[in-house]
Amino acid sequence: MESLYIRVSKNIGEQTRRALTEIEAIDNDLKIKREYDDLLIPVLRHIEGYETCIGDFENVIKDLSPADILGFSPAYEQIGDIAIIDRHQPKAQEVAQVLLKQNRIKTVLQAETSVSGEYRTRSVSILAGEKRTETMYRENECRYLLDLSKVYFTPRLSTERARIADKIHDGEIVVDMFAGVGPFSILIAKKFPSAHVIAIDKNPDAVRYLKENVLLNRVKNVEIREGDSRDVLKDIKEADHVIMNLPHSAIEFLDVAFGIVKKKGIIHFYAIAHENDLFDSILKKIGDIAGKYGLQILPIDKRIVRPYAPYQFNICIDIQVL
Ligand code: SAM
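Overview of the structure. In this text, all values refer to a predicted model and were calculated from it rather than measured experimentally.

Taken together, seven strands build an open sheet; the order of strands is 13-12-11-14-15-17-16 and the sheet is mixed. The open sheet has two edge strands with one neighbour each: strand 13 (222-226) and strand 16 (297-309). The mean inter-strand angle of the sheet, taken between neighbouring strand axes irrespective of direction, is 15°. For strand 15 (residues 261-274) and strand 17 (residues 312-321), the ladder comprises nine bridges, and the chain directions are antiparallel. Bridged to Phe269 within strand 17 is Ile317.

Okay, the site of the ligand next. Lining the immediate environment of the ligand, one finds 19 residues, of which Arg161, Phe178, Asp201, Ser229 and Asn245 sit closest. Phe178 places a main-chain nitrogen or oxygen 2.9 Å from a nitrogen atom of the ligand. Take Lys202: an N or O atom from its main chain is 3.2 Å from a nitrogen atom of the ligand. Out of a free accessible area of 590 Å², the ligand has 98% covered by protein chains. Classifying every residue of the shell around the ligand gives nine nonpolar, five polar and five charged.

Turning our attention to the nonpolar core. One broad trend across soluble globular proteins is that nonpolar side chains are buried collectively. Leu146 and Ile188 are the most contacted members of the largest nonpolar core, which has 40 residues in total. Among the elements of the structure, strand 6 (82-85), strand 7 (107-111), strand 10 (142-147), helix 4 (158-166), helix 5 (183-191), strand 12 (196-201) and helix 6 (204-216) are those that each provide at least two residues to this core. The leading source of residues in this core is helix 5, at five residues. The contacts of Leu146, once residues within four sequence positions are left out, are Ile79, Thr133, Glu134, Thr135, Tyr137, Val151, Phe153, Val181 and Tyr209.

Among the six residues that make up strand 10, five are buried, leaving the element largely enclosed by the rest of the structure. As paired elements, strand 9 (residues 134-139) and strand 10 share six bridges and run antiparallel to each other. Bridge assignment links Glu139 to a residue of strand 10, and that residue is Cys142. Where strand 9 folds back on strand 10, the antiparallel hairpin that results is connected by two residues, among which Asn140 adopts a positive phi of roughly 50°.

All right, on to the packing of helix 4 against helix 5 then. One can describe the packing of helix 4 onto helix 5 by two numbers: an axis separation of 9 Å at closest approach and a directional angle of 40°. Classified by the interaxial angle, the pair formed by helix 4 and helix 5 is oblique. Where helix 4 crosses over helix 5, the two elements pack in a sense that is right-handed. Only Pro183, Phe184, Leu187, Ile188 and Lys191 of helix 5 make contact with helix 4, whose side of the interface consists of Glu160, Arg161, Ala162, Ile164, Ala165 and Asp166. Each residue belonging to the contact of helix 4 with helix 5 can be placed in one class, and the counts come to seven nonpolar, no polar and four charged.

The rules behind each value
- Residues numbered from 1 in each chain as written.
- Predicted model: local features only at pLDDT ≥ 70, side-chain atom pairs only at ≥ 80, totals over all residues.
- Heavy atoms only, no water.
- Pairing = 2+ DSSP bridges.
- Helix = DSSP H or I, 4+ residues; strand = E, 2+ residues; numbered from the N terminus.
- Axes fitted to C-alpha atoms, helices over the stretch in contact; angles between N-to-C directions.
- Near = heavy atom within 4 Å.
- Polar contact = N/O pair within 3.5 Å; in protein donor to acceptor, adjacent residues only side chain to side chain.
- Areas by Shrake-Rupley, 256 points an atom, 1.4 Å probe, with all protein chains shown as cover.
- Nonpolar A, V, L, I, M, F, W, Y, C, P; charged D, E, K, R; others polar.
- Core = buried A, V, L, I, M, F, W, Y, C linked by side-chain atoms within 4.5 Å.
- Buried < 20%, exposed > 50% of the residue type's maximum accessible area, 1.4 Å probe, protein only.
- Contact = heavy atoms within 4.5 Å.
- Parallel < 35°, antiparallel > 145°, perpendicular 65-115°, else oblique.
- Left-handed = near helix turned anticlockwise from the far one by under 90°.

In C-alpha coordinates:
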(Lines give C-alpha, C1' and ligand atoms only; values in the text may rest on other atoms or scores of the structure.)
Protein backbone atom coordinates (compact mmCIF):
# COMPACT_ATOMS: atom_id res chain seq x y z
CA MET A 1 0.00 0.00 0.00
CA GLU A 2 1.30 3.48 -0.90
CA SER A 3 2.29 5.71 1.99
CA LEU A 4 4.37 8.73 2.97
CA TYR A 5 7.61 7.67 4.62
CA ILE A 6 10.87 9.05 5.96
CA ARG A 7 14.29 7.48 5.50
CA VAL A 8 16.70 7.34 8.48
CA SER A 9 19.98 5.60 9.10
CA LYS A 10 19.64 2.35 11.10
CA ASN A 11 21.90 3.81 13.85
CA ILE A 12 19.25 6.34 14.80
CA GLY A 13 16.30 4.16 13.70
CA GLU A 14 15.06 3.21 17.17
CA GLN A 15 15.31 6.72 18.64
CA THR A 16 13.56 8.18 15.59
CA ARG A 17 10.83 5.54 15.78
CA ARG A 18 10.27 6.40 19.47
CA ALA A 19 10.19 10.15 18.77
CA LEU A 20 7.69 9.64 15.95
CA THR A 21 5.56 7.35 18.12
CA GLU A 22 5.41 10.06 20.78
CA ILE A 23 3.96 12.55 18.30
CA GLU A 24 1.67 9.83 16.88
CA ALA A 25 3.15 10.21 13.42
CA ILE A 26 3.85 6.55 12.51
CA ASP A 27 1.36 4.60 10.41
CA ASN A 28 1.16 1.51 12.62
CA ASP A 29 -0.88 -0.43 10.08
CA LEU A 30 2.18 -0.62 7.80
CA LYS A 31 5.48 -2.45 8.27
CA ILE A 32 8.73 -0.50 8.60
CA LYS A 33 11.11 -1.49 5.73
CA ARG A 34 14.87 -1.96 5.75
CA GLU A 35 16.94 -0.79 2.73
CA TYR A 36 20.73 -1.27 2.97
CA ASP A 37 21.74 0.74 6.08
CA ASP A 38 18.50 2.71 6.23
CA LEU A 39 15.05 2.25 7.72
CA LEU A 40 11.99 3.47 5.81
CA ILE A 41 9.35 4.46 8.35
CA PRO A 42 5.77 4.92 7.05
CA VAL A 43 4.27 8.12 8.47
CA LEU A 44 0.84 9.69 8.53
CA ARG A 45 1.90 13.24 7.60
CA HIS A 46 4.85 15.41 6.58
CA ILE A 47 7.31 15.69 9.48
CA GLU A 48 9.24 18.89 9.97
CA GLY A 49 12.98 18.39 9.60
CA TYR A 50 12.66 15.24 7.45
CA GLU A 51 12.35 14.77 3.72
CA THR A 52 9.11 12.88 3.14
CA CYS A 53 8.88 10.45 0.17
CA ILE A 54 6.17 8.16 -1.14
CA GLY A 55 6.61 4.37 -1.40
CA ASP A 56 4.90 0.97 -1.15
CA PHE A 57 4.59 -0.78 2.23
CA GLU A 58 3.17 -4.11 3.37
CA ASN A 59 0.29 -4.18 5.86
CA VAL A 60 1.01 -5.36 9.40
CA ILE A 61 -0.93 -8.55 10.06
CA LYS A 62 -2.42 -8.10 13.50
CA ASP A 63 -3.43 -11.07 15.65
CA LEU A 64 -6.98 -10.81 16.82
CA SER A 65 -7.22 -10.63 20.61
CA PRO A 66 -9.72 -12.82 22.53
CA ALA A 67 -11.86 -9.69 22.98
CA ASP A 68 -11.82 -9.05 19.19
CA ILE A 69 -12.99 -12.61 18.54
CA LEU A 70 -15.54 -12.87 21.35
CA GLY A 71 -16.96 -9.35 21.16
CA PHE A 72 -16.43 -8.93 24.94
CA SER A 73 -13.36 -8.86 27.22
CA PRO A 74 -13.10 -12.13 29.12
CA ALA A 75 -11.79 -12.05 32.71
CA TYR A 76 -8.84 -14.42 32.95
CA GLU A 77 -5.26 -14.59 34.16
CA GLN A 78 -2.41 -16.35 32.35
CA ILE A 79 0.23 -18.13 34.44
CA GLY A 80 2.86 -19.88 32.31
CA ASP A 81 0.99 -21.85 29.66
CA ILE A 82 -2.24 -22.08 31.68
CA ALA A 83 -5.12 -19.59 31.59
CA ILE A 84 -7.52 -19.41 34.55
CA ILE A 85 -10.92 -17.96 33.74
CA ASP A 86 -12.65 -15.98 36.49
CA ARG A 87 -15.33 -17.99 38.27
CA HIS A 88 -18.03 -15.44 37.39
CA GLN A 89 -17.16 -15.28 33.67
CA PRO A 90 -20.24 -16.17 31.53
CA LYS A 91 -19.80 -18.39 28.43
CA ALA A 92 -16.66 -19.91 30.00
CA GLN A 93 -16.48 -22.85 27.57
CA GLU A 94 -16.63 -20.49 24.56
CA VAL A 95 -13.93 -18.29 26.12
CA ALA A 96 -11.79 -21.40 26.81
CA GLN A 97 -11.89 -22.46 23.15
CA VAL A 98 -10.78 -18.99 22.03
CA LEU A 99 -7.99 -18.79 24.65
CA LEU A 100 -6.68 -22.19 23.62
CA LYS A 101 -5.92 -20.78 20.19
CA GLN A 102 -3.79 -18.05 21.75
CA ASN A 103 -0.05 -18.23 21.68
CA ARG A 104 1.37 -20.38 24.48
CA ILE A 105 -1.92 -21.32 26.19
CA LYS A 106 -2.08 -25.11 26.46
CA THR A 107 -4.66 -25.56 29.21
CA VAL A 108 -7.66 -23.51 30.28
CA LEU A 109 -8.96 -23.79 33.84
CA GLN A 110 -11.92 -22.19 35.51
CA ALA A 111 -11.68 -20.98 39.09
CA GLU A 112 -14.48 -22.67 41.04
CA THR A 113 -13.93 -20.74 44.28
CA SER A 114 -12.21 -17.55 45.36
CA VAL A 115 -8.73 -17.73 46.90
CA SER A 116 -9.44 -18.81 50.46
CA GLY A 117 -8.36 -20.70 53.57
CA GLU A 118 -5.10 -20.73 55.42
CA TYR A 119 -3.10 -21.84 52.37
CA ARG A 120 -4.72 -19.19 50.13
CA THR A 121 -5.65 -21.70 47.42
CA ARG A 122 -8.65 -22.03 45.12
CA SER A 123 -10.46 -24.96 43.50
CA VAL A 124 -10.21 -25.14 39.74
CA SER A 125 -11.74 -27.31 37.02
CA ILE A 126 -10.18 -28.11 33.65
CA LEU A 127 -12.22 -26.62 30.82
CA ALA A 128 -10.06 -27.25 27.75
CA GLY A 129 -6.66 -28.38 26.52
CA GLU A 130 -4.11 -30.58 28.29
CA LYS A 131 -5.45 -32.14 31.48
CA ARG A 132 -3.07 -30.68 34.05
CA THR A 133 -2.86 -27.92 36.63
CA GLU A 134 0.95 -27.70 36.90
CA THR A 135 2.87 -25.11 34.89
CA MET A 136 6.21 -23.36 34.64
CA TYR A 137 6.06 -19.59 35.12
CA ARG A 138 8.88 -17.15 34.39
CA GLU A 139 9.25 -13.86 36.25
CA ASN A 140 12.14 -11.45 36.87
CA GLU A 141 14.55 -13.92 35.24
CA CYS A 142 13.56 -16.75 37.60
CA ARG A 143 11.50 -19.88 36.89
CA TYR A 144 8.80 -21.30 39.12
CA LEU A 145 7.13 -24.69 38.83
CA LEU A 146 3.74 -24.67 40.55
CA ASP A 147 0.40 -26.40 40.68
CA LEU A 148 -2.45 -23.92 40.48
CA SER A 149 -4.82 -26.27 42.28
CA LYS A 150 -2.49 -26.79 45.26
CA VAL A 151 -0.62 -23.54 45.95
CA TYR A 152 -1.13 -19.78 45.93
CA PHE A 153 0.25 -17.84 43.01
CA THR A 154 -0.44 -14.57 41.22
CA PRO A 155 1.63 -12.91 38.49
CA ARG A 156 0.21 -9.55 39.57
CA LEU A 157 2.87 -9.15 42.25
CA SER A 158 5.84 -9.41 39.90
CA THR A 159 6.69 -5.67 40.04
CA GLU A 160 6.24 -5.67 43.80
CA ARG A 161 8.60 -8.62 44.21
CA ALA A 162 11.22 -6.82 42.11
CA ARG A 163 10.73 -3.66 44.22
CA ILE A 164 11.38 -5.55 47.46
CA ALA A 165 14.43 -7.31 45.96
CA ASP A 166 15.85 -3.87 45.13
CA LYS A 167 15.80 -2.95 48.84
CA ILE A 168 18.02 -5.84 49.92
CA HIS A 169 21.82 -5.72 50.23
CA ASP A 170 24.32 -8.54 49.95
CA GLY A 171 25.09 -10.19 53.29
CA GLU A 172 21.70 -9.41 54.84
CA ILE A 173 19.37 -11.87 56.57
CA VAL A 174 15.93 -11.92 54.96
CA VAL A 175 12.98 -13.81 56.44
CA ASP A 176 10.10 -14.53 54.04
CA MET A 177 7.42 -15.55 56.56
CA PHE A 178 4.80 -16.65 54.00
CA ALA A 179 6.95 -17.74 51.09
CA GLY A 180 4.61 -19.87 48.93
CA VAL A 181 6.56 -21.39 46.00
CA GLY A 182 9.32 -18.84 46.56
CA PRO A 183 8.91 -15.83 44.24
CA PHE A 184 10.23 -13.29 46.79
CA SER A 185 12.86 -15.58 48.35
CA ILE A 186 14.34 -17.00 45.15
CA LEU A 187 14.55 -13.66 43.38
CA ILE A 188 16.36 -12.12 46.38
CA ALA A 189 18.66 -15.13 46.77
CA LYS A 190 19.57 -15.04 43.09
CA LYS A 191 20.24 -11.32 43.08
CA PHE A 192 22.26 -11.40 46.31
CA PRO A 193 24.22 -14.65 46.59
CA SER A 194 25.69 -13.58 49.95
CA ALA A 195 22.32 -12.82 51.50
CA HIS A 196 20.82 -15.52 53.71
CA VAL A 197 17.14 -16.06 52.96
CA ILE A 198 14.89 -18.04 55.31
CA ALA A 199 11.68 -19.08 53.51
CA ILE A 200 8.76 -20.49 55.49
CA ASP A 201 5.44 -21.94 54.45
CA LYS A 202 2.86 -24.05 56.20
CA ASN A 203 1.38 -25.63 53.05
CA PRO A 204 3.34 -28.87 52.37
CA ASP A 205 2.64 -28.58 48.62
CA ALA A 206 4.00 -25.02 48.54
CA VAL A 207 7.14 -26.23 50.35
CA ARG A 208 7.56 -29.12 47.87
CA TYR A 209 7.49 -26.63 44.98
CA LEU A 210 9.66 -24.18 46.89
CA LYS A 211 12.34 -26.90 47.19
CA GLU A 212 12.05 -27.72 43.47
CA ASN A 213 12.27 -24.03 42.56
CA VAL A 214 15.39 -23.51 44.65
CA LEU A 215 17.05 -26.30 42.64
CA LEU A 216 15.61 -25.08 39.34
CA ASN A 217 17.05 -21.59 39.88
CA ARG A 218 20.32 -22.94 41.30
CA VAL A 219 20.26 -20.76 44.40
CA LYS A 220 22.28 -21.99 47.36
CA ASN A 221 21.33 -19.39 49.97
CA VAL A 222 17.69 -20.21 50.71
CA GLU A 223 16.97 -22.07 53.94
CA ILE A 224 13.52 -23.65 53.75
CA ARG A 225 11.43 -24.24 56.85
CA GLU A 226 8.10 -26.03 56.67
CA GLY A 227 5.53 -25.12 59.28
CA ASP A 228 3.77 -22.25 60.99
CA SER A 229 5.86 -19.06 61.03
CA ARG A 230 4.78 -18.62 64.62
CA ASP A 231 6.57 -21.86 65.59
CA VAL A 232 9.63 -22.19 63.35
CA LEU A 233 11.42 -18.86 63.80
CA LYS A 234 12.19 -18.99 67.52
CA ASP A 235 15.98 -19.13 66.91
CA ILE A 236 16.05 -15.99 64.71
CA LYS A 237 16.94 -12.67 66.34
CA GLU A 238 18.68 -10.37 63.85
CA ALA A 239 16.76 -10.29 60.56
CA ASP A 240 17.49 -7.26 58.34
CA HIS A 241 14.24 -7.70 56.39
CA VAL A 242 11.02 -9.54 57.19
CA ILE A 243 8.54 -10.05 54.34
CA MET A 244 4.95 -10.54 55.51
CA ASN A 245 3.01 -11.37 52.35
CA LEU A 246 -0.18 -12.68 53.96
CA PRO A 247 -2.39 -9.62 53.46
CA HIS A 248 -5.55 -10.84 55.20
CA SER A 249 -3.89 -11.84 58.45
CA ALA A 250 -0.30 -10.56 58.60
CA ILE A 251 -1.31 -8.35 61.55
CA GLU A 252 -1.77 -11.51 63.68
CA PHE A 253 1.90 -12.39 63.13
CA LEU A 254 3.41 -8.96 63.80
CA ASP A 255 4.55 -10.03 67.29
CA VAL A 256 6.66 -12.75 65.61
CA ALA A 257 8.11 -10.24 63.16
CA PHE A 258 8.97 -7.77 65.95
CA GLY A 259 10.67 -10.63 67.80
CA ILE A 260 13.03 -11.52 64.93
CA VAL A 261 13.81 -8.18 63.25
CA LYS A 262 16.91 -6.30 64.36
CA LYS A 263 16.93 -2.60 65.35
CA LYS A 264 16.74 -0.50 62.15
CA GLY A 265 15.63 -3.61 60.26
CA ILE A 266 12.63 -3.38 57.92
CA ILE A 267 9.31 -5.23 57.92
CA HIS A 268 7.55 -5.32 54.53
CA PHE A 269 3.96 -5.54 55.71
CA TYR A 270 1.05 -6.37 53.35
CA ALA A 271 -2.62 -5.77 54.04
CA ILE A 272 -5.99 -5.26 52.37
CA ALA A 273 -7.43 -1.80 53.01
CA HIS A 274 -10.47 0.27 52.05
CA GLU A 275 -9.86 3.22 49.74
CA ASN A 276 -11.18 5.64 52.43
CA ASP A 277 -8.55 4.54 54.92
CA LEU A 278 -5.62 3.02 53.11
CA PHE A 279 -2.88 3.40 55.71
CA ASP A 280 -3.86 5.34 58.86
CA SER A 281 -5.82 2.70 60.84
CA ILE A 282 -3.37 -0.05 59.96
CA LEU A 283 -0.39 2.09 60.93
CA LYS A 284 -2.06 2.90 64.25
CA LYS A 285 -2.56 -0.83 64.97
CA ILE A 286 1.05 -1.62 64.00
CA GLY A 287 2.31 1.21 66.23
CA ASP A 288 0.23 -0.09 69.18
CA ILE A 289 1.60 -3.63 68.80
CA ALA A 290 5.18 -2.29 68.50
CA GLY A 291 4.61 -0.28 71.69
CA LYS A 292 3.80 -3.48 73.62
CA TYR A 293 7.29 -4.72 72.72
CA GLY A 294 8.94 -1.42 73.65
CA LEU A 295 9.63 -0.64 69.99
CA GLN A 296 8.93 2.34 67.80
CA ILE A 297 8.15 2.24 64.10
CA LEU A 298 9.03 4.52 61.22
CA PRO A 299 7.00 3.96 58.04
CA ILE A 300 9.54 4.49 55.27
CA ASP A 301 7.27 3.67 52.32
CA LYS A 302 3.52 3.25 51.86
CA ARG A 303 2.04 2.09 48.60
CA ILE A 304 -0.92 0.58 46.81
CA VAL A 305 0.29 -2.68 45.29
CA ARG A 306 -2.83 -3.48 43.23
CA PRO A 307 -6.61 -3.18 43.31
CA TYR A 308 -8.06 -6.15 45.18
CA ALA A 309 -11.87 -5.82 45.08
CA PRO A 310 -14.29 -2.90 44.63
CA TYR A 311 -12.98 -0.09 46.90
CA GLN A 312 -10.37 -2.46 48.38
CA PHE A 313 -6.64 -2.36 47.72
CA ASN A 314 -3.71 -4.62 48.44
CA ILE A 315 -1.24 -2.28 50.15
CA CYS A 316 2.32 -2.53 51.41
CA ILE A 317 3.94 -0.54 54.20
CA ASP A 318 7.70 -0.76 54.68
CA ILE A 319 8.28 -0.23 58.38
CA GLN A 320 11.64 0.44 59.95
CA VAL A 321 11.83 -0.78 63.53
CA LEU A 322 13.56 1.55 66.00
N1 SAM B 1 4.70 -14.91 49.05
C2 SAM B 1 4.12 -15.90 48.19
C3 SAM B 1 3.83 -15.31 46.82
O4 SAM B 1 4.06 -14.12 46.60
O5 SAM B 1 3.40 -16.06 45.94
C6 SAM B 1 2.88 -16.55 48.78
C7 SAM B 1 1.90 -15.61 49.38
S8 SAM B 1 0.34 -16.32 49.86
C9 SAM B 1 -0.63 -14.87 49.94
C10 SAM B 1 0.55 -16.70 51.57
C11 SAM B 1 1.28 -18.01 51.87
O12 SAM B 1 1.37 -18.11 53.30
C13 SAM B 1 0.58 -19.28 51.41
O14 SAM B 1 1.45 -20.05 50.64
C15 SAM B 1 0.18 -20.01 52.71
O16 SAM B 1 0.28 -21.40 52.61
C17 SAM B 1 1.21 -19.46 53.69
N18 SAM B 1 0.79 -19.45 55.12
C19 SAM B 1 -0.42 -19.14 55.63
N20 SAM B 1 -0.39 -19.15 56.98
C21 SAM B 1 0.89 -19.46 57.31
C22 SAM B 1 1.57 -19.61 58.57
N23 SAM B 1 0.92 -19.45 59.73
N24 SAM B 1 2.87 -19.91 58.55
C25 SAM B 1 3.54 -20.07 57.38
N26 SAM B 1 2.95 -19.97 56.17
C27 SAM B 1 1.64 -19.66 56.13
